[in-house]
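Here is how the chains run, residue by residue.
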Amino acid sequence: VQLQASGGGLVQAGGSLRLSCAASGGSFSTYGMGWFRQAPGKEREFVAGISWSGVNSAYADSVKGRFTISRDDVGNTVYLQMNNLKPEDTAVYYCARDPKAYRWIIKAETPFTSWGQGTQVTVSS
(Lines give C-alpha, C1' and ligand atoms only; values in the text may rest on other atoms or scores of the structure.)
Protein backbone atom coordinates (compact mmCIF):
# COMPACT_ATOMS: atom_id res chain seq x y z
CA VAL A 1 0.00 0.00 0.00
CA GLN A 2 1.18 3.52 -0.75
CA LEU A 3 0.29 6.35 1.60
CA GLN A 4 0.42 10.05 0.80
CA ALA A 5 -0.13 12.66 3.48
CA SER A 6 -1.24 16.19 2.66
CA GLY A 7 -2.83 19.23 4.21
CA GLY A 8 0.06 20.63 6.18
CA GLY A 9 1.00 24.27 6.25
CA LEU A 10 1.77 27.31 8.32
CA VAL A 11 -0.81 28.36 10.91
CA GLN A 12 -0.89 30.63 13.93
CA ALA A 13 -1.23 29.26 17.40
CA GLY A 14 -4.86 28.53 18.16
CA GLY A 15 -5.61 27.77 14.53
CA SER A 16 -6.73 24.56 12.85
CA LEU A 17 -5.60 22.25 10.08
CA ARG A 18 -6.96 19.03 8.66
CA LEU A 19 -4.47 16.49 7.40
CA SER A 20 -5.39 13.82 4.89
CA CYS A 21 -3.72 10.52 4.10
CA ALA A 22 -4.74 8.83 0.87
CA ALA A 23 -4.08 5.12 0.46
CA SER A 24 -3.63 3.34 -2.84
CA GLY A 25 -2.42 0.04 -4.16
CA GLY A 26 -3.56 -2.09 -1.25
CA SER A 27 -6.28 -2.88 1.22
CA PHE A 28 -7.49 -0.06 3.43
CA SER A 29 -10.82 -0.75 5.08
CA THR A 30 -9.67 -3.82 7.01
CA TYR A 31 -6.62 -2.17 8.58
CA GLY A 32 -6.09 0.29 11.38
CA MET A 33 -4.35 3.54 10.57
CA GLY A 34 -2.17 5.88 12.55
CA TRP A 35 -0.69 9.36 12.52
CA PHE A 36 2.79 10.11 13.80
CA ARG A 37 4.98 13.19 13.89
CA GLN A 38 8.63 14.02 14.08
CA ALA A 39 9.99 17.39 15.15
CA PRO A 40 13.55 18.48 14.36
CA GLY A 41 16.03 16.76 16.64
CA LYS A 42 13.37 14.54 18.19
CA GLU A 43 12.25 10.97 17.73
CA ARG A 44 9.10 10.13 15.84
CA GLU A 45 6.12 9.93 18.16
CA PHE A 46 2.63 8.50 18.00
CA VAL A 47 -0.14 11.06 17.63
CA ALA A 48 -3.36 9.15 16.98
CA GLY A 49 -4.65 5.83 15.71
CA ILE A 50 -7.96 4.43 14.55
CA SER A 51 -9.05 0.81 14.26
CA TRP A 52 -10.19 -0.77 11.02
CA SER A 53 -13.80 -0.50 12.14
CA GLY A 54 -13.49 3.14 13.15
CA VAL A 55 -14.95 2.25 16.54
CA ASN A 56 -11.74 2.45 18.55
CA SER A 57 -9.21 5.24 18.55
CA ALA A 58 -6.24 6.30 20.61
CA TYR A 59 -4.46 9.59 21.15
CA ALA A 60 -1.23 10.84 22.64
CA ASP A 61 -1.84 12.72 25.87
CA SER A 62 -0.41 15.86 24.31
CA VAL A 63 -3.16 16.05 21.68
CA LYS A 64 -6.20 14.66 23.50
CA GLY A 65 -9.15 17.00 23.25
CA ARG A 66 -7.57 18.93 20.38
CA PHE A 67 -7.00 16.36 17.60
CA THR A 68 -9.52 13.95 16.08
CA ILE A 69 -8.73 11.04 13.80
CA SER A 70 -11.33 9.71 11.37
CA ARG A 71 -11.51 7.56 8.29
CA ASP A 72 -13.41 7.36 5.01
CA ASP A 73 -13.31 3.81 3.69
CA VAL A 74 -15.04 4.75 0.46
CA GLY A 75 -12.32 7.27 -0.34
CA ASN A 76 -9.51 5.22 1.23
CA THR A 77 -8.50 8.21 3.30
CA VAL A 78 -7.71 8.83 6.94
CA TYR A 79 -7.94 12.32 8.39
CA LEU A 80 -6.46 14.17 11.33
CA GLN A 81 -8.41 17.23 12.40
CA MET A 82 -6.12 19.44 14.47
CA ASN A 83 -7.65 22.26 16.50
CA ASN A 84 -6.16 24.76 18.95
CA LEU A 85 -2.72 24.17 17.51
CA LYS A 86 0.32 25.02 19.58
CA PRO A 87 3.90 25.79 18.55
CA GLU A 88 4.96 22.46 20.03
CA ASP A 89 2.79 20.73 17.43
CA THR A 90 5.27 21.84 14.76
CA ALA A 91 6.60 18.71 13.05
CA VAL A 92 6.46 16.57 9.94
CA TYR A 93 3.34 14.44 10.18
CA TYR A 94 3.25 10.91 8.77
CA CYS A 95 0.53 8.32 8.34
CA ALA A 96 1.04 4.59 8.55
CA ARG A 97 -0.95 1.38 8.36
CA ASP A 98 -1.28 -1.44 10.88
CA PRO A 99 0.19 -4.60 9.28
CA LYS A 100 -2.45 -6.80 10.93
CA ALA A 101 -5.95 -6.81 9.50
CA TYR A 102 -8.97 -6.64 11.77
CA ARG A 103 -7.02 -5.63 14.88
CA TRP A 104 -9.70 -4.47 17.27
CA ILE A 105 -7.66 -2.20 19.53
CA ILE A 106 -5.24 0.40 18.21
CA LYS A 107 -2.72 1.98 20.54
CA ALA A 108 0.60 3.76 20.51
CA GLU A 109 2.47 0.44 20.70
CA THR A 110 0.79 -1.00 17.60
CA PRO A 111 3.62 -1.87 15.15
CA PHE A 112 2.57 0.38 12.29
CA THR A 113 4.28 -0.08 8.94
CA SER A 114 3.83 1.16 5.38
CA TRP A 115 4.91 4.68 6.16
CA GLY A 116 3.91 7.41 3.76
CA GLN A 117 5.63 10.64 2.88
CA GLY A 118 5.05 13.29 5.49
CA THR A 119 3.51 16.73 5.44
CA GLN A 120 5.00 19.69 7.28
CA VAL A 121 2.96 21.45 9.95
CA THR A 122 4.36 24.69 11.33
CA VAL A 123 2.61 26.57 14.12
CA SER A 124 3.76 30.10 14.82
CA SER A 125 3.39 31.74 18.21
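As a reminder, the structure under discussion sits directly above these lines.
None of the values given here were measured: they were computed from a predicted structure. (Residues numbered from 1 in each chain as written. Predicted model: local features only at pLDDT ≥ 70, side-chain atom pairs only at ≥ 80, totals over all residues. Heavy atoms only, no water.)

### Thoughts on the sheet that holds strand 8 (residues 77-82)
Logical step 1: Here four strands make up an open sheet; going across it, the order is 1-3-8-7 and the pairing antiparallel. Where the open sheet ends on each side, the last strands, each with one partner, are strand 1 (2-6) and strand 7 (67-72). For this sheet the average axis-to-axis angle between neighbouring strands, irrespective of direction, equals 15 degrees.
Logical step 2: Pairing of strand 7 with strand 8, which is carried by six bridges, proceeds in the antiparallel orientation. Looking at the pairing, T68 lines up with Q81 of strand 8. (Pairing = 2+ DSSP bridges. Helix = DSSP H or I, 4+ residues; strand = E, 2+ residues; numbered from the N terminus. Axes fitted to C-alpha atoms, helices over the stretch in contact; angles between N-to-C directions.)

### Notes on the state of the cysteines
Logical step 1: A complete count under the given rule lists one disulfide for this structure.
Logical step 2: Covalently, C21 is tied to C95 through a disulfide, its sulfur atoms 2.0 Å apart. The sign of the 65 degrees torsion about the S-S bond sets the C21-C95 disulfide as right-handed. Pair noted here: C21 is in strand 3 (residues 17-24) and C95 is in strand 9 (residues 91-101), with a separation of 74 residues, a long-range link.
Logical step 3: Of the residues examined, C21 reaches a relative accessible area of 0% and is grouped as buried. (Disulfide = S-S within 2.5 Å. Buried < 20%, exposed > 50% of the residue type's maximum accessible area, 1.4 Å probe, protein only.)

### Notes on the packing of aromatic side chains
Logical step 1: Here the structure, examined in full by the defined rule, presents five aromatic pairs.
Logical step 2: Three or more aromatic residues joined by ring pairs form one cluster here, namely F36, F46, F112 and W115.
Logical step 3: Against the face of Y79 rests R18, its NZ or CZ located 4.1 Å from the ring centre. (Phe/Tyr/Trp six-rings, centres within 6.5 Å; stacked < 30°, edge-to-face > 60°. Lys NZ or Arg CZ within 6 Å of the ring centre and 35° of its normal.)

Shape is all these values report; function is a separate question.
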